[in-house]
Amino acid sequence: MSFIFTIFIIMVVYLTIYKKKKSLMDDSGDNMRKGQTTIHVTPPQQRRQNAPYHRNVQNEQITGQSVMPASQSQKGTTTAYLNAKARQDAIEHAKNDMEEQRRLERAHGNICVAERLFDGDSVPDGKRCVVCGYCGAENLVPFIQREPYGCYFCREILH
């Protein structure tokens with residue numbers, strides 16, 4: 001009795017999975033039977049051939065290299081799109097970092113930034129700990145300073 005019941009359960013599960021799989025594979029016929037309309041979409045390869053390619057001049061100025069369209073690099077796959085997006089984001093981040101550095105140099109002069117002294121760390125040889133008078137952060141600066149150092153946190157000049 002148990003064996004027959006097990007076979008019956010397996011058949012029910014198999015038929016359910018088979019029907020779902022068949023309905024997913026034959027979705028155009030099901031849509032027409034349900035009264036829904038079928039939307040035909042142009043494949044991505046044809047869309048790229050029809051649309052003009054616009055070059056991104058801003059990215060070319062930064063990198064100094066021409067940007068290849070995704071269809072030439074890896075045939076327009078999702079991976080190629082994500083790689084191109086990651087490259088573009090890296091370029092934008094580098095540009096933002098350079099602008100931030102320029103802004104800091106304009107605001108605080110061209111001073112060196114001290115290193116941070118973490119809690120519990122010992123002071124290495126050749127350096128000394130200086131507490132910032134403005135924010136109270138502990139900074140590591142060399143014993144012999146050739147130029148002024150700024151706080152790693154607030155960029156105030158350390159004395």
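Every value quoted in this text rests on a predicted model; they were computed, and no experiment measured them.

The rules behind each value
Residues numbered from 1 in each chain as written. Predicted model: local features only at pLDDT ≥ 70, side-chain atom pairs only at ≥ 80, totals over all residues. Heavy atoms only, no water. Pairing = 2+ DSSP bridges. Helix = DSSP H or I, 4+ residues; strand = E, 2+ residues; numbered from the N terminus. Salt bridge = Lys/Arg side-chain N within 4 Å of Asp/Glu carboxyl O. Buried < 20%, exposed > 50% of the residue type's maximum accessible area, 1.4 Å probe, protein only. Phe/Tyr/Trp six-rings, centres within 6.5 Å; stacked < 30°, edge-to-face > 60°.

Novice: Give a detailed account of the pairing of strand β3 (residues 127–131), specifying residues and quantitative values.
Specialist: As defined by bridge partners, β3 adjoins strand β4 (residues 138–142) across 5 bridges and the pair is classed as antiparallel. Bridge assignment links C129 to a residue of β4, and that residue is L140. From the end of β3 to the start of β4, which pair antiparallel, there are 6 residues, and G136 there has a positive phi angle of about 85°.

Novice: Explain the pattern of salt bridges to me, and be specific about the residues and the numbers.
Specialist: In the structure shown here, the tally under the stated rule is 2 salt bridges. Among the salt bridges present, the one from D89 reaches K85, with a minimum N-O distance of 4.0 Å. Linking D89 with K85, this pair stays in helix α6 (residues 78–108), spanning 4 residues, or about one helical turn. For K127, the salt bridge identified is with E115, shortest N-O distance 2.3 Å. Note that K127 is positioned in strand β3 and E115 in strand β2 (residues 115–116), a separation of 12 residues in sequence. Exposure remark for K127: the relative accessible area of 22% places this residue in the partly exposed category.

Novice: Account for the packing of aromatic side chains, with residues named and values stated.
Specialist: Following the criterion strictly, the structure yields 2 aromatic pairs and no others. Considering the side-chain rings of Y14 and Y18, the 6.3 Å spacing of their centres and the 20° angle between planes classify their relative orientation as stacked. Placement of the pair is Y14 and Y18 together in helix α1 (residues 2–25), with a separation of 4 residues, close to one helical turn. You can call Y18 partly exposed: its relative accessible area is 45%.

Take it as geometry only, folks, not as evidence of what the structure does.
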